[in-house]
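Close look at the chain arrangement
Given next are the chains, with one letter for each unit.
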Amino acid sequence: FPDRQYRQLIDIFHWRKQYATNGKLTTMINKLLIVICCALCIWSLGLAVTVAAQNGEISLIGHLVAPIGWGPMSGLLLHFNLLLTGRERILKRLWIYPVLYLPGLLIIFAFTVLPAFGQNTDMLIHTAYGWTPLVRNDGWDYLFYAYLIGFTVANLAVLLYTRMHSRDKVQRSQVTLLAICIAVSYALGILSDLVLEQFNIIIPQVSPVFSLLPIGA
């Protein structure tokens with residue numbers, strides 16, 4: 001997957017951020033949307049450097065940068081969906097923020113901080129498409145899988161609960177579309193980044209492409 005496409009993704013996320021917020025930061029949901037788009041830009045930038053690097057050392061730098069973007073993404077998305085569906089009451093409770101963001105910070109610690117000190121490092125191999133990591137499936141990886149699945153289920157549960165109980169047809173249509181886009185994007189991301197490797201099909205990670213679905217919704 002050419003690094004030029006990753007750079008185009010960064011431009012798309014930047015444009016989407018400006019379009020969705022109209023340049024206004026007066027509401028919490030707009031501020032959070034900007035944070036999400038910035039995290040996606042960091043994720044895409046890290047993958048671009050990983051894939052297009054001239055050598056393994058430079059590729060490793062990009063590989064360590066990318067988790068800063070994708071690590072907290074599920075928590076950010078759940079926070080966004082709670083705001084979108086009017087769950088401000090739960091967001092007034094202080095305990096919700098460690099629940100939302102501590103797992104993402106732990107993922108950054110596992111996949112950025114530890115490898116920077118030579119621990120929990122992934123092997124990077126050079127393919128016809130550029131550099132790509134080999135998943136080791138150790139304890140940290142399984143922790144990430146649990147985090148990903150758990151927060152995906154939570155995101156879908158929040159949206160589907162709103163779908164079932166809302167009397168606003170516009171809101172029901174909005175959350176239904178968003179739930180479908182989230183489910184499809186996560187499914188495609190898992191298929192491309194995790195499942196294919198189990199069959200020795202090694203391609204660069206393309207999950208940011210699929211994140212365009214919920215962002216567009």
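Let us look at the overall build of the chain. Counting its regular elements, the chain contains 10 helices and two strands. Counting helices and strands in the order they occur from the N terminus, the chain gives α-α-α-α-α-α-β-β-α-α-α-α. When burial is assessed residue by residue, the chain has 45% of its 217 residues classed as buried. Summarising the internal contacts of the chain: among those between residues at least 6 apart in sequence, 69% fall at separations of at least 24. Surface exposure of the chain reaches about 11,500 Å², of which carbon and sulfur atoms provide 67%.

Another point: the confidence of the model for the chain. Taken residue by residue, the chain gives an average pLDDT of 81. The fraction at 70 or more is 77%. Looking at the elements of the chain, mean pLDDT is at its lowest for helix α1 (residues 3–21), recorded as 48, and at its highest for helix α6 (residues 96–116), recorded as 95.

Relative to the elements of secondary structure, I68 occurs in helix α3 (residues 56–70). With 41 residues separating them in the primary sequence, I68 and F109 have C-alpha atoms 9.2 Å apart. Once residues lying within four places of it in the same chain are set aside, the contact partners of I68 are I42, I108 and T112.

Turning our attention to the packing of aromatic side chains. Two measures describe an aromatic ring pair: the distance that separates the ring centres and the angle between the ring planes. Scanning all chains against the criterion turns up eight aromatic pairs. With a centroid separation of 4.9 Å and an interplanar angle of 65 degrees, the aromatic rings of W70 and F144 are classed as edge-to-face. In this pair, W70 sits in helix α3 while F144 sits in helix α7 (residues 139–165), placing the two residues 74 residues apart along the sequence. Taken together, the ring pairs in this structure connect W70, F111, Y142, F144, Y145, Y147 and F151 into an aromatic cluster.

Despite not being glycine, N120 shows a phi value in the positive range, around 50 degrees. Here N120 is to be found in the loop between α6 and β1 (123–127).

Checked against the element boundaries, V135 lands in the loop between β2 (130–134) and α7. A C-alpha to C-alpha distance of 9.4 Å links V135 and L124, two positions 11 residues apart in sequence.

This next bit is on the packing of helix α2 (residues 28–52) against helix α4 (residues 73–84). Where α2 meets α4, the closest approach of the two axes is 10 Å, and the angle between their N-to-C directions is 160 degrees. In terms of orientation, α2 and α4 fall into the roughly antiparallel class. Considering only the axes of α2 and α4, their crossing is left-handed. Along its contact with α2, which presents M28, I29, L32, L33, V35, I36, A39 and L40, the element α4 presents M73, L76, L77, H79, F80, L83 and L84.

The rules behind these values
- Residues numbered from 1 in each chain as written.
- Predicted model: local features only at pLDDT ≥ 70, side-chain atom pairs only at ≥ 80, totals over all residues.
- Heavy atoms only, no water.
- Helix = DSSP H or I, 4+ residues; strand = E, 2+ residues; numbered from the N terminus.
- Buried < 20%, exposed > 50% of the residue type's maximum accessible area, 1.4 Å probe, protein only.
- Contact = heavy atoms within 4.5 Å.
- Areas by Shrake-Rupley, 256 points an atom, 1.4 Å probe, with all protein chains shown as cover.
- pLDDT = per-residue confidence, 0-100.
- Phe/Tyr/Trp six-rings, centres within 6.5 Å; stacked < 30°, edge-to-face > 60°.
- Axes fitted to C-alpha atoms, helices over the stretch in contact; angles between N-to-C directions.
- Parallel < 35°, antiparallel > 145°, perpendicular 65-115°, else oblique.
- Left-handed = near helix turned anticlockwise from the far one by under 90°.

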